[in-house]
Amino acid sequence: MSIRAGSNERHARTNSTLSRRNFLAATGLAVGAAALSSSWTTAAAAPRRALSDGDRVPALVIGSGYGGAVAALRLTQAGIDTHMVEMGKSWTTPGSDGKVFCPMLSPDGRSFWLRDRTVQPVSHFSGGSVDKNISRYVGVLDAEDFGGIKVYQGRGVGGGSLVNGGMAVTPKRNYFEEILPGVDSNEMYSTYFPRANAALGVNNIDPAWFESTEYYKFARTGRKTAERSGYTTTFVPNVYDFNYMKQEAAGQVTKSALVSEVIYGNNAGKKSLDKTYLAAASATGKLTISALHVVTSVAPAATGGGYQVVMNQINEQGNTVGTKTVTADKVFFAAGSIGTSKLLVAMKAQGQLANLPGAVGQEWGHNGNVMVGRANHMWDATGAKQSAIPVMGIDNWADTSAPVFAEIAPFPAGTELWVSLYLAIAKNPQRAQFQFNSATGKVGLNWQRSQNQPSIDMAKKLFDKINKKEGTIYRTDLFGPVQTWGDQLTYHPLGGCVLGKATDGYGRLPEYPGLYVMDGSLVPGNVGVNPFVTITALAERNIENIIANDMN
Ligand code: FAE
């Protein structure tokens, strides 16, 4: 869906005077808003008024992922008119196939961000590439290439929540205390993690159904082989609605997770942010979302205080169709670890925000991600039918010689492959920095592929043991023509603007009052589990403090 700025611009200017009643009537949200606490309401119902050139707004949020969605909800609930800017599109309009998101097994332009060919994480099979040509479009999944690593990220209103596996994991408390010693963990574990889990709609699979359904045979096989080698496995909560999934299996509703949908978006079943935090923020009548707008610059306003935010409006082919400058009293950077770090490092280097501290752009890590596949024996099938939503992990974090938390990942190819696939999160201490290149005007990330060797070594210890016990081998055909480890990619970019180092203890950039960081860039490189619950809970903690102290 494209933004028609022209016809909508006047609304942005009058937003602050738009009454809640008019808002609800205009958007058809009245019923959904009333039922919000117990059911799903989509932010699709939010008015798609784009910001206009020359607007002055109280609060502007860059990015609509976890950090941005928390900021938007809590700011709007505090009565503050909030304007969100998102480079991706609003995923609300079905394509010619009647679906908003494209099928996982036959991807089209909707799958990838501005590419002519897919870059699938599992890119090969039996010696050949499984990538496919696609039309260039503002698709939902980006694979941003920094030379040493490809960073997968969600693009669209809802950020990473649109494409992720929904695994909602609260980190181990002792490791959280180790990585963020300045944060009161009592508060986090008694207040903010529970608050985040509740607002995200986290739920657990029914263990009895898990044991019986063909769709989780792959996870049961992964569990059996891990436990036979003495490893502990654990169920992992998720934001995919497991009641809906059960109904899918029973043939009562349209299938989504059970027809392989996940990394190119779920057409049903998943409580992505547009159905939780952003829907609730929209229902206040205080939020506008400008989709297909890319923020390119933030600098102190020349007069009147606040910050000048420059953005390019793009069309669905990614071409710039306009440029706007908006002044905001407060700006919340929530463009993700990569997006926020790139913006801040560029602004510091180019002089717009020259006084930012040296810690900006530092301590980036990929959460120790590495993927691997094992070939099971014929009698250890993984199932032709697999749910695309992972629900189980191998927890070997306590092994200090090789701390690993490995997600037992689905391989939902629609046919029996006997492959057990894993995404390992290892305690890899390696970090990288973002650097501005004055010749190209771009920000790079100096991560080298060799920095992933510690992840490989740790994961290898675990999976070598399983292979030895089972008499099985690694698949060497999944991540390249002959390549065992998927070590050239990450789904979990973290750091670049670390809490208490680049910012104060709550995400403020103290050199520039009114600038805040809200997203995964606050987390120093590794959190030991899938990261979005941590990002959400930290954002909840920080925005509460900011609203209490900075918003008069
Ligand atoms: P994020 O959600 O990335 O949101 C940032 C937003 O800002 C995006 O929508 C961008 O398009 C937008 N943006 C960036 N730059 C600009 C700009 N200049 N102007 C305007 N907008 C901009 O950030 N995590 C889990 O915990 N469990 C999982 O199961 C899981 N699975 C994953 C699977 C995949 C395929 C991927 C890609 C990620 C997965 N993750 C998972 C990671 C998780 O989605 C990620 O940590 C969070 O989305 C990061 O949240 P942020 O708020 O930091």
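Bear in mind the structure is a predicted one, so any value in this text is a computation, not a measurement.

So, about the environment of Trp397. Within the fold, Trp397 resides in the loop between β13 (392-396) and β14 (404-409). Residue Trp397 is classed as buried on the basis of its relative accessible area of 9%. Spatially, the C-alpha atoms of Trp397 and Thr284 are 42 Å apart, while their sequence positions differ by 113 residues.

Our next topic: the site of the ligand. Neighbouring the ligand are 36 residues; Glu86, Gly160, Met167, Gly520 and Phe532 lie closest to it. Gly67 places a polar main-chain atom, nitrogen or oxygen, 3.0 Å from an oxygen atom of the ligand. Within the side chain of Glu86, an N or O atom sits 2.7 Å from an oxygen atom of the ligand. In the complex, 94% of the free accessible area of the ligand, which totals 1000 Å², lies under the protein chains.

Take the nonpolar core next. Residues Leu60, Leu75, Phe332 and Phe333 are the most contacted members of the largest nonpolar core, which totals 97 residues. When residues in this core are grouped by element, the largest group, nine residues, is from helix α13 (residues 532-550). Within the second largest apolar cluster, 72 residues are counted, among which are Tyr152, Ala409, Ile456 and Leu478.

This part takes up the pairing of strand β10 (residues 307-314). A regular strand carries its side chains on alternate faces of the sheet. In terms of residue burial, β10 counts as a mostly covered element, since six of its eight residues are buried. Bridging between strand β9 (residues 293-300) and β10 involves seven bridges; their strand directions are antiparallel. Residue pairing for β10: Ser297 is matched across the bridge by Val310. From the end of β9 to the start of β10, which pair antiparallel, there are six residues, and Gly304 there has a positive phi angle of about 80 degrees. Taking the residues between adjacent antiparallel strands as the criterion, β10 and strand β11 (residues 320-333) are bridged by five residues, where Gly318 takes a positive phi near 90 degrees.

The next thing to look at is the UniProt feature "domain: Glucose-methanol-choline oxidoreductase N-terminal" (unreviewed entry) in the protein. Residues annotated in UniProt with the feature "domain: Glucose-methanol-choline oxidoreductase N-terminal" (unreviewed entry) correspond here to residues 154-177. Secondary structure over residues 154-177 splits into 21% helix and 4% strand, and the C-alpha atoms at its two ends are 28 Å apart.

A word on the packing of helix α8 (residues 217-228) against helix α12 (residues 453-470). Between α8 and α12, the least distance of the axes is 9 Å, while the angle of their chain directions is 90 degrees. As the angle between them shows, α8 and α12 are arranged roughly perpendicular. In this structure, α8 uses Thr225, Ala226 and Arg228 to contact α12, whose residues at the interface are Ile466, Lys469 and Glu470. Of the residues assigned to the contact of α8 with α12, the class counts are two nonpolar, one polar and three charged.

Turning next to the pairing of strand β2 (residues 82-86). Extensive coverage of β2 is indicated by the burial of five of its five residues. On β2, burial covers both faces: Thr82, Met84 and Glu86 on one face and His83 and Val85 on the other are all buried. Read as a crossover between parallel neighbours, the route from strand β1 (residues 56-62) over helix α4 (residues 66-77) to β2 is right-handed. Pairing analysis gives five bridges linking β2 to strand β8 (residues 287-291), with the strands arranged parallel. Within β8, the residue paired with Thr82 across the bridge is Leu287.

If you check α12, its first and last C-alpha atoms are 25 Å apart, about what 18 residues at 1.5 Å a residue would give, namely 26 Å. Lys460 marks the point of greatest bend in α12, at about 30 degrees. Once α12 ends, the next one or two residues include Gly471, with phi positive near 70 degrees.

A word on unusual backbone geometry. The residue Glu363 is not glycine, and still its phi comes out positive at about 60 degrees. In this fold, Glu363 is placed in the loop between α11 (336-350) and β12 (369-375). Backbone geometry at Asn367 places phi at a positive 60 degrees, although glycine is not the residue there. Of note, Asn367 is situated in the loop between α11 and β12.

Reading the values: rules and limits
One numbering rule holds for all chains: residues counted from 1, following each sequence as written. Totals for whole chains, interfaces and linings use all residues, but because this is a predicted model, local features are given only for residues with pLDDT of at least 70 and pairs of side-chain atoms are given and counted only at 80 or more. By convention in this description, side-chain values take in all heavy atoms of the structure and omit both hydrogens and water. Working definition: helices are DSSP H or I runs of at least four residues, strands are E runs of at least two. Numbering for both runs from the N terminus. The classification of residues rests on relative accessible area computed with a 1.4 Å probe and restricted to protein chains. Under 20% of the type maximum is buried, over 50% is exposed, and intermediate values are partly exposed. Only a single heavy atom is needed: when it lies within 4 Å of a molecule or strand, its residue is near that molecule or strand. Any pair of nitrogen or oxygen atoms within 3.5 Å is treated as a polar contact; in protein, a donor-acceptor pairing is required on top of that, and neighbouring residues in sequence qualify only through side-chain atoms on both sides. Every accessible area reported is derived by Shrake-Rupley at a probe size of 1.4 Å, with residue values counting cover from the shown protein chains alone. We call a set of buried residues a nonpolar core when its members are Ala, Val, Leu, Ile, Met, Phe, Trp, Tyr or Cys and they connect through side-chain atoms within 4.5 Å of each other. A pair of strands is considered paired only if DSSP assigns at least 2 bridges between the two. UniProt positions are given in the numbering used here, feature names are shortened, and annotations may be inferred rather than shown by experiment. Lines fitted to C-alpha atoms define the axes here, with helix axes fitted over just the stretch in contact, and angles between the N-to-C directions of these axes take values from 0 to 180 degrees. Each angle is binned into one of four classes, with values under 35 degrees roughly parallel, values over 145 roughly antiparallel, values of 65 to 115 roughly perpendicular, and all other values oblique. Residue contacts are defined here by distance: any two heavy atoms, one from each residue, within 4.5 Å place the two residues in contact. Gly is placed with the polar residues, together with every amino acid not listed as nonpolar (Ala, Val, Leu, Ile, Met, Phe, Trp, Tyr, Cys and Pro) or charged (Asp, Glu, Lys and Arg). By definition, the crossover connecting two strands over a helix is right-handed if that path, from the first strand to the second, turns clockwise as seen with the strands pointing away from the viewer. In this scheme, a helix's expected span is set at 1.5 Å multiplied by one less than its residue total. One axis fitted to the seven residues ending at a residue, another fitted to the seven starting there: the angle between these axes is the bend at that residue.

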